[in-house]
Amino acid sequence: MKRQTPASVGHDGNKTEKKVKRTAESAPLHLDMAHELRKLVDSANAPIFGIDVEGKVNEWNFKTAEITGYSQEEAFNKPLVQTFIAPRLRESVHEVLDKALRGEETANYELEFDTKSKDTRVLLVNASTRRDIENNIVGVVGVAQDVTEATKHDRAVATAAKELRQLVNTANAPIFGVDRNGNVNEWNYKTAEITGIAREEALAKPLAQLLKSSVKEIMDKALEGEETSNFEVEFENRDNETKHILLNATSRRDENAKIVGVLGVAQDVTEVTRHDREVAAMANELRQLINTANAPIFGINVDGEVNEWNDKTCEITGYSQEEAMGKHLVSTFIVEKLRNSVKRVLDDALKGTETSNYELEFRTKSEESRYLLVNATTRRNADQSIVGVVGVAQDVTEAAKHDREVASMANELRQLVDTANAPIFGID
């Protein structure tokens, strides 16, 4: 072995002295840095907490204390999970921390802290492995973001969305929708009921395969921004029943106001439509009955103008419907000597006082007189407001002429008896 000379020993001694000197000089610098980092952690605006390998708290900055309500003194050496984490999340948080203690770090993990005041705070956490100078794992540090308000908002929105989904699905109105391609993406229970097509069967299918082409046309217009209200659609469902819906097609837009689909909200008006058609058929039948009745039927509005004039009235008077409609009944068609009395009868009917078997005399187009025995009936609308009078008559012209001839003959005989040159008397 080569012997060291004093010179070489002195040289190595100088090196050692320099190294010790540098270490001594850098120690205050490291202490300053550690102090600065500690201050930075403690005063950070983000919650920062940590645990040792046993899961006990060994880091708890001011922000964490502020959020949880627990001071550093209260938190230190407490089991993090058992003490501060909501019970339902403890198992999953244990897994995250155990992974970090094995060197598997986790980012953006959401956990809920139970605060001292029994509130819940939601934190979005990055769980990082903590190592010593020899790279041994000594714990986990969590740097978090308090997302409590955002989470509350998100949950409120999610709850509202769930409620709306429930409302749409259980609504008593058919609701269906399509995407930009015209494929079904909304099909509630009522739509399934009225069409006979299940939701599972309808979703993702082209709407044109499920409903009439007229519905597709309306939805296509809404995809271009042209919305439609109260469009009546008639179609046959799978049971071959005819259904009627009143459809509103509304464009569906995203957060940028771009059209992404169409929502159709309908009203099942099948029964109403059937009823309306039955009423219309009945009204048409009654109109036909009135027009072809063997009795004169005529009517006026509240101003005394003709608004009803059936075929028999045309035949008797010689005036067509076109000639009579809108004309004042009394001043146009009633002989002058009876106008006041007829007006009184009609005015009474317009007040609700009806008259039966009232005899009036019509002046015909050929200047002849026709005698009618009339029932003047008040006419009312759906609200029971008086809107006019209808007269159903019997043509008694021949009977009236006969009665007048008989009366004239009787009058003449009475005159003859009274002025006879012979005594004439009688007994009962």
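Residues numbered from 1 in each chain as written. Predicted model: local features only at pLDDT ≥ 70, side-chain atom pairs only at ≥ 80, totals over all residues. Heavy atoms only, no water.

Caption draft 1: Summary view of the overall build of the chain. In terms of helices and strands, the chain carries 15 helices and 15 strands. Against the compact-globule benchmark of 22 Å for 428 residues, the chain has a radius of gyration of 50 Å, which places it well outside the compact range. Here the chain, with 428 residues, has 34% of them falling under the buried criterion. Split by element, the accessible area of the chain, about 27,200 Å² in all, is 51% carbon and sulfur. One way to put it: in the chain the 55 positive side-chain charges average out to a point 10 Å from where the 72 negative ones average out. (Helix = DSSP H or I, 4+ residues; strand = E, 2+ residues; numbered from the N terminus. Rg over C-alpha atoms; globule rule 2.2 N^0.38 Å. Buried < 20%, exposed > 50% of the residue type's maximum accessible area, 1.4 Å probe, protein only. Areas by Shrake-Rupley, 256 points an atom, 1.4 Å probe, with all protein chains shown as cover. Lys, Arg positive; Asp, Glu negative; His and termini not counted. Charge placed at Lys NZ, Arg CZ, Asp CG, Glu CD.)

Caption draft 2: Focus on the nonpolar core. The biggest cluster of nonpolar side chains holds 26 residues, and the ones touching the most others in it are W60, L80 and F113. Per-element tally for this core: the top contributor is helix α5 (residues 90-101), with five residues. Other than its neighbours up to four places away in sequence, W60 contacts I48, F49, A65, T68, Y70, S71, Q72, A75, F76, L80, F84 and F113. Formed by 25 residues, the second largest nonpolar core is a distinct cluster that contains W309, I316, Y319 and A393. (Core = buried A, V, L, I, M, F, W, Y, C linked by side-chain atoms within 4.5 Å. Contact = heavy atoms within 4.5 Å.)

Caption draft 3: Focus on unusual backbone geometry. If you check the backbone angles, N135 has positive phi at about 70 degrees while not being a glycine. Relative to the elements of secondary structure, N135 occurs in the loop between β4 (120-131) and β5 (137-146). A positive phi is found at N240, a non-glycine position, where the angle reads about 60 degrees. Inspection of the secondary structure puts N240 in the loop between β8 (228-236) and β9 (242-253).

Caption draft 4: Fine view of α5. Taking 1.5 Å as the rise per residue, α5 with 12 residues should run 16 Å; its terminal C-alpha atoms sit 16 Å apart, in good agreement. Buried within α5 are the following residues: V93, V96, L97, A100 and L101. Summarising the axial view, the buried residues of α5 lie within an arc of 140 degrees, below the 170-degree limit, and thus occupy one face. Taken together, the buried residues of α5 touch β1 (48-52), α4 (80-84), β3 (106-114), β4 and β5. (Expected span 1.5 Å × (residues − 1). Arc of directions from axis to C-beta.)

Caption draft 5: How the structure looks around the environment of I300. Relative to the elements of secondary structure, I300 occurs in strand β11 (residues 297-301). Accessibility expressed as a relative area gives 3% for I300, which makes it buried. Contacts of I300, omitting those with residues within four sequence positions, involve E305, V306, N307, L329, L346, V387, G388 and V389.

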